[in-house]
Amino acid sequence: MAPPALADLPRVVERPAVAGAALDRLLRGADAPFLMRGLVADWPLVQAARRSDHEVRRYLVERAHEVPFAVSIGGPGHDGRLFYDDAMDMNFRMARGRLADIFAGIDANAGRADPPTIYLASIDVPTHFRDVDRENRIDLGSREPLVSLWIGTPTRIAAHNDFPDNLACCVAGRRRFTLFPPDQYANLYLGPIDNTPAGRAVSMVDFHAPDFAAHPRFADALATAQVAELEPGDVLFVPSMWWHHVEGLAPFNILLNYWWRDTPRYLGQPQDALNHAILAIRDLPPRERMLWRQLFDHYVFDHGPAVTDHIPAGGRGVLDPLTAETAGRLRSFLLRTLSR
């Protein structure tokens, strides 16, 4: 059962489960989340999970490379919420181990009244497994996605966003996604961007018990929210920069996701630019900061003809659309300047 704050939210729109060219067209035209029921129901991973948690764990262990797996371990008493403690440190610890040993730990804690949270997050599939990606795959055409597994006991992952587009495939257990449009960042009361549970700023609101006195604008965020509950075989599309709060609802849960971006890989990460702007611009005197805002509009956000038309063709450097070569030169220049 959903917590009261989420119980009456509208459902994410459902689309027919399609593959190949039809899926490609659906993804290219999408600017909002959608859910496809049963798209990956025939995956061996999903079939193993439907037989039992033990079967799907055995499937993964048999295909795991002999490499250490990173695992987050949260103590009892947090209801699976991997978050900050009162001192703004993490309320979980990180460890590394063999996948079989981590699964044995999950088995050993099964049935306890208040077990620890055990969570393997963003496990790169090709690095950690043989054949899993080949045997359980969605054809995404010319896209070159990162393929990751998320495995664990019941969890609550605070609302965050990601730069790439995301196709999230429920393999085992159940997942609840609560989603918000990109413009809701102020209403979600984001925490630090340099001290985060998993690399992205997260909402400080406890979605199971929101404090509307401390976070009154969260009510405005909820007015824009959508919810999707996934069973094994279901697939959810989360567009780039959409905020999503994710819960693993079953005693054992697995999600496989594809991340990709429609821009060339040689382009930089926008988060790096934001971090650098905080370092170089945010604490300037107001007049200087306003001048830099105008320059950012001129060179980055507007980037109209007035930027380049007066410069001879062939001499515009990085003011022309970036190529792999010019992006590489710019990256090298930044590395040299940042290392001074």
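Scoring rules and cut-offs
- Residues numbered from 1 in each chain as written.
- Predicted model: local features only at pLDDT ≥ 70, side-chain atom pairs only at ≥ 80, totals over all residues.
- Heavy atoms only, no water.
- Buried < 20%, exposed > 50% of the residue type's maximum accessible area, 1.4 Å probe, protein only.
- Helix = DSSP H or I, 4+ residues; strand = E, 2+ residues; numbered from the N terminus.
- Arc of directions from axis to C-beta.
- Contact = heavy atoms within 4.5 Å.
- Patch = residues over 30% accessible without salt bridge, like charges linked within 9 Å, V, L, I, M, F, W, Y side chains within 5 Å.
- Areas by Shrake-Rupley, 256 points an atom, 1.4 Å probe, with all protein chains shown as cover.
- Salt bridge = Lys/Arg side-chain N within 4 Å of Asp/Glu carboxyl O.
- Pairing = 2+ DSSP bridges.
- Core = buried A, V, L, I, M, F, W, Y, C linked by side-chain atoms within 4.5 Å.
- Phe/Tyr/Trp six-rings, centres within 6.5 Å; stacked < 30°, edge-to-face > 60°.
- Lys NZ or Arg CZ within 6 Å of the ring centre and 35° of its normal.

S.K.: Please explain helix α2 (residues 44-51) as it appears in this structure.
M.R.: Along an α-helix, a turn takes 3.6 residues, which lines up residues three or four apart on a common side. Along α2, the residues classified as buried are L45, V46, A48 and A49. When α2 is viewed along its axis, its buried side chains cluster within an angular range of 160° and face the same direction. Lining the buried residues of α2 we find α3 (53-63), α6 (132-135), β9 (165-172) and β14 (253-260).

S.K.: Is there a simple way to explain a nonpolar patch on the surface in this structure?
M.R.: Taken together, W292, L295, F296, Y299, V300 and F301 make up a surface patch of nonpolar side chains, about 600 Å² in accessible area. In this structure, Y299 sits in helix α9 (residues 286-302). Residue Y299 is classed as partly exposed on the basis of its relative accessible area of 41%.

S.K.: Just checking my understanding: could you explain the pairing of β9 for this structure?
M.R.: Along any regular strand the residues' side chains alternate between the sheet's two faces. Most of β9 sits inside the fold, with eight of its eight residues counted as buried. Pairing of β9 with β14, which is carried by seven bridges, proceeds in the antiparallel orientation. By the bridge assignment for β14, A172 is matched with I254. Relative to strand β12 (residues 235-238), β9 runs antiparallel, the two being bridged by four bridges. When the bridges of β12 are listed, C169 appears paired with V235.

S.K.: Explanation requested: the nonpolar core in the structure shown.
M.R.: Side chains that are nonpolar tend, in soluble globular proteins, to be buried together. By size, the foremost hydrophobic cluster in this structure holds 43 residues, and its most contacted members are L60, I138 and Y258. With near-sequence residues (within four places) excluded, Y258 lies in contact with W43, N136, R137, I138, L140, P145, L146, V147, D165, N166, L167 and C169.

S.K.: What should I look at first to understand the pattern of salt bridges in this one?
M.R.: Between side chains of opposite charge, pairing is possible as soon as their charged atoms come close. Applying the stated criterion across every chain yields a total of 23 salt bridges. Linking R37 and E14 is a salt bridge whose minimum nitrogen-to-oxygen distance equals 3.3 Å. Of this pair, R37 sits in the loop between β2 (34-36) and α2 while E14 sits in strand β1 (residues 14-15), placing them 23 residues apart in sequence. Using a relative accessible area of 37% as the deciding quantity, one classes R37 as partly exposed. Note on E14: relative accessible area 44%, which makes it partly exposed. Two residues, R134 and D131, come together in a salt bridge whose shortest N-O distance is 3.4 Å. Accessibility expressed as a relative area gives 58% for R134, which makes it exposed.

S.K.: What is the right way to look at the sheet that holds strand β4 (residues 81-82) in this model?
M.R.: Strand pairing in a sheet is mediated by backbone hydrogen bonds. Such pairs are either parallel or antiparallel. Taken together, five strands build an open sheet; the order of strands is β4-β8-β13-β10-β11 and the sheet is mixed. The open sheet has two edge strands, β4 and β11 (226-230), and neither has a second partner. Relative to strand β13 (residues 243-248), strand β8 (residues 155-160) runs antiparallel, the two sharing four bridges. Its bridge partner being in β13, T155 is matched across the sheet by G248.

S.K.: Can you walk me through the packing of aromatic side chains in this structure?
M.R.: Each aromatic ring pair is summarised here by two numbers: the centre-to-centre distance and the angle between the ring planes. Inspection of every chain in the model, using the stated rule, returns 10 aromatic pairs. Pairing F83 with Y84 gives two aromatic rings, centres 5.1 Å apart and planes at 75°, and the pair type is edge-to-face. In this structure, F83 and Y84 share a single accessibility class: buried. Here R57 stacks its cationic end above the ring of F252, 4.6 Å away from the centre of that ring. Against the face of Y59 rests R63, its NZ or CZ located 3.7 Å from the ring centre.

S.K.: Just to check I follow, could you spell out unusual backbone geometry for this structure?
M.R.: Trans peptide bonds make up most of the peptide bonds, and negative phi angles are found at most residues other than glycine. Even without a glycine there, the phi angle at S122 is positive, about 50°. Along the polypeptide, S122 turns up in strand β6 (residues 117-124). Positive phi is not limited to glycine here, since D131 has a value of about 75°. Relative to the assigned elements, D131 resides in the loop between α5 (125-128) and α6. Taking relative accessible area as the criterion, D131 reaches 33% and is therefore assigned partly exposed.

S.K.: For this particular structure, what's the right way to read the environment of F129?
M.R.: Residue position: F129 is located in the loop between α5 and α6. For the pair F129 and L60, spaced 69 residues apart in sequence, the C-alpha to C-alpha distance is 7.7 Å. Leave out the neighbours within four places in its chain, and F129 touches L60, R63, A64, H65, F69, L99, I123 and L149.

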